[in-house]
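Spelled out from the first residue to the last, the chains are:
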Amino acid sequence: MRVEELKVVDFHCDALSKMQEMPDIVFRNDYRLDVTAERMAAGGTRLQCFAIYLSGKRGRPRFEDILSQIEHFRKSVAGPGGLRWLRWREEADDVGKETQGWGMLSLEGVDGLEGNLFYAQLCFELGIRFLGVTWNYANWAADGVLEPRNGGFTEQGRKLVEWCNTSGMLLDVSHLSPAGFWELTGLSERPFIASHSNAASVCPHPRNLSDEQIKALIATDGRMGLTFYPWFVCEDGNANMKHVLKHIEHVCSLGGEKQIMFGSDFDGIDCWVEGLEHPGQYPAFAELLLRHYPEELVRGWLSGNALSFLQAYLPSGSSKP
């Protein structure tokens, strides 16, 4: 599979939070980023999901911080000559038809919405399409995966999910507590994703998903973005590309070959899987996958499974006002 034939969808990176901290970063080729326009092109990444993550270093998360990262995306990533901005179901059909890259927006933790559903509606209107309810700890909507009490959704959080059901905003359960995960299976009217989580049976990190959670994603047509943070890949954190295959193999053993996609967590990590330090290395990873699996499956994992989810569940642009 040549690079020009490669089509990759990556469902999670944190480049925007770096750009907010260092506004002089140039997305095209800045050495301070893992994900750059040049590396996306070199590695065949046709669609990159950019998470809006509000670091605690900036103090209490505020809605204006979300707006700031949207503006960084609008001006520096999807500005003139940059990535095309994916917002609607119909646009997902065009990803990969040309070599131009695409970007889309997600929100990693709703803390910055400040409990205000009007702010959530503004985020949708401004182009955010995936909403991760929590980061690792509790907020106004639900408990995160590292919250000791393992609570589910608050009353405000359930109203947020109800709003997502009616608005078309899609949900992401990476970082959500196990109790929240299971509660969401009954609250959400559409399938949801885990944008950057691995299999706990292979590497028992609390951010990874249990077999029961993976089976629930399979049963509901959700997706699971396998991630490249070494501590989520193997217990000693000394991971190379072959270690990622163990997670692929395990999810497939549960019947989830159609659920697998990738959510690298580039720019949100401080150490890297050997050989997968940035998106320009996806071609070598694809070659490794092709040595072990049929091309049809590999193409699905690299992009097809993610795109079929977007084509099925993103809101339609024909319904916009």
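Going by the structure above, here's the rest.
Per chain, the residues get numbers from 1 upward, laid out in the order the sequence is written. In keeping with the model being predicted, local features are shown solely for residues with a pLDDT of at least 70 and side-chain atom pairs are shown and tallied solely at 80 or more, while totals for entire chains, interfaces and linings include all residues. The basis for every side-chain value is the complete set of non-hydrogen atoms in the structure, without hydrogens or water.

Right, let's get into the overall build of the protein chain. Numbering of helices and strands runs from the N terminus, with a helix taken as a DSSP run of H or I at least four residues long and a strand as a DSSP run of E at least two residues long. Each helix and strand counted, the protein chain has 12 helices and 9 strands in total. Taking 321 residues into account, the globule formula puts the C-alpha radius of gyration at 20 Å, and the protein chain, at 18 Å, falls close to it. In terms of overall dimensions, the protein chain has C-alpha extents of about 50 × 45 × 40 Å along its principal axes. At a minimum sequence separation of 6, the contacts of the protein chain that also span at least 24 residues come to 69%. Per-residue and other accessible areas were derived by the Shrake-Rupley procedure at a 1.4 Å probe size, with only the shown protein chains allowed to occlude residues. Accessible surface for the protein chain amounts to roughly 12,900 Å². Of this, 50% is attributable to carbon and sulfur atoms. Charge counting treats Lys and Arg as positive and Asp and Glu as negative, with His and both chain ends excluded. Charge positions come from single atoms, namely NZ of Lys, CZ of Arg, CG of Asp or CD of Glu. Distance between charge centroids for the protein chain: 4 Å, based on 31 positive and 43 negative side chains. Using C-alpha atoms as the atom set, the radius of gyration is obtained and then compared with a globule rule of 2.2 Å times the number of residues to the power 0.38. Contacts between residues were defined by any pair of non-hydrogen atoms, one from each residue, lying within 4.5 Å.

What counts as a salt bridge is simple: a side-chain nitrogen of Lys or Arg found within 4 Å of a carboxyl oxygen of Asp or Glu. Tallied over the entire structure, the rule returns 15 salt bridges. Put simply, Arg32 and Asp24 hold a salt bridge, and the shortest N to O gap is 3.3 Å. A single salt-bridge network, built from bridges that share partners, covers Asp24, Asp30 and Arg32.

Moving on to the packing of helix α7 (residues 178–187) against helix α8 (residues 211–219). To get an axis, a line is fitted to the C-alpha atoms, and for a helix only the part in contact is used. The angle between two axes follows their N-to-C directions and goes from 0 to 180 degrees. The N-to-C vectors of α7 and α8 enclose an angle of 25°; their axes lie 11 Å apart at closest approach. What the angle tells us is that α7 and α8 run roughly parallel. As α7 runs across α8, the sense of the crossing is left-handed. Here Pro178, Phe181 and Trp182 of α7 come into contact with α8, specifically with Glu212, Gln213, Ala216 and Leu217. Ten residues, namely Ala, Val, Leu, Ile, Met, Phe, Trp, Tyr, Cys and Pro, are considered nonpolar, four, namely Asp, Glu, Lys and Arg, are considered charged, and the remaining ones, Gly among them, are considered polar. Of the residues contributing to the contact of α7 with α8, the split by class is 5 nonpolar, 1 polar and 1 charged. When an angle is under 35 degrees it counts as roughly parallel; over 145 it counts as roughly antiparallel; between 65 and 115 it counts as roughly perpendicular; any other value is oblique. Here a crossing is taken to be left-handed if its near helix is turned anticlockwise relative to the far helix by less than a right angle, and right-handed if that turn runs clockwise.

Bringing the pairing of strand β2 (residues 45–52) into the picture now. Per-residue accessibility, obtained with a 1.4 Å probe over protein chains only, is compared with the maximum for each type, and a residue is labelled buried under 20%, exposed over 50%, and partly exposed between these values. By the criterion of burial, β2 is predominantly enclosed, with 8 of the 8 residues buried. Both strand β1 (residues 8–13) and β2 contribute to a ladder of 4 bridges, which runs parallel. Opposite Asp10, over in β2, you have Gln48 as the bridge partner. A pair of strands is labelled paired if DSSP reports no fewer than 2 bridges between them.

Before going further, it helps to examine the layout of surface pockets. Its volume calculated, the largest pocket comes out at about 510 Å³. Cavities and pockets were defined on a 1 Å grid built from protein atoms only: a cavity is a group of points that admits a 1.4 Å probe but offers it no way out, a pocket is an open group of points flanked by protein on both sides within 12 Å along at least five of seven lines, and a lining residue is one with an atom within 4 Å of any such point. Contributing to the lining of the largest pocket are 22 residues, with Asp14, Tyr53, Trp135, Gly268 and Ile269 lying nearest its centre. The element contributing the most residues to the lining of the largest pocket is helix α1 (residues 15–21), with 3 residues. Among the residues forming the lining of the largest pocket, the class breakdown is 6 nonpolar, 7 polar and 9 charged. Grid points are joined across faces, edges and corners, and a volume is the space filled by probe spheres set on the points.

Moving on to empty space enclosed by the protein. Per the counting criterion, the structure on display carries 3 cavities of 30 Å³ or more. In terms of lining, the largest cavity is formed by His12, Ala51, Ser106, Leu107, Glu108, Gly132, Thr134, Asp172, Ser174, His175, Ser195 and His196. Examining the composition of the lining of the largest cavity, we find that 3 residues originate from one element, strand β4 (residues 102–108), more than from any other. Considering only residue class, the lining of the largest cavity consists of 2 nonpolar, 8 polar and 2 charged.

Right, let's talk about the packing of helix α10 (residues 241–253) against helix α11 (residues 282–290) for a bit. Orientation of α10 relative to α11, taken along the N-to-C sense of each, is 55°, at an axis distance of 11 Å. Classified by the angle their axes make, α10 and α11 are oblique. Read as a crossing pair, α10 and α11 show a hand that is right-handed. Every residue of α11 that contacts α10 at Met241, Lys242, Val244, Leu245 and Ile248 is listed here: Ala284, Phe285, Leu288 and Leu289.

What follows covers the nonpolar core. Of all hydrophobic cores here, the largest spans 80 residues; its most connected members are Phe50, Ile66, Leu113, Ile248, Phe262 and Phe285. Per-element accounting of this core gives the leading share, 6 residues, to α10. In contact with Phe262, other than residues within four places in its own chain, are Val9, Asp10, Phe11, Gly225, Leu226, Phe228, Ile248, Tyr282, Phe285, Leu289, Trp301 and Leu302. Remark: nonpolar core denotes a set of buried residues (Ala, Val, Leu, Ile, Met, Phe, Trp, Tyr, Cys) joined through side-chain atoms within 4.5 Å.

Before going further, it helps to spend a moment on the state of the cysteines. Here, a disulfide means two cysteine sulfur atoms that sit within 2.5 Å of each other. Inspection of every chain in the model, using the stated rule, returns 0 disulfides. Cys49 takes part in no disulfide bond, and the closest cysteine sulfur, belonging to Cys13, lies 7.8 Å away. Of the residues examined, Cys49 reaches a relative accessible area of 1% and is grouped as buried.

Here we come to the side chain of His247. Residue position: His247 is located in helix α10. Engagement of the side chain of His247 in a polar contact is seen with the backbone oxygen of Val233, the distance being 2.8 Å. Setting aside residues no more than four positions away along its own chain, His247 makes contact with Asn198, Ala199, Val202, Cys203, Leu226, Phe232 and Val233. Side-chain atoms alone can form a polar contact between residues adjacent in sequence; in general such a contact is a pair of N or O atoms within 3.5 Å, and within protein one must be able to donate a hydrogen while the other accepts it.

None of the figures reported here should be taken as evidence of function without further support.
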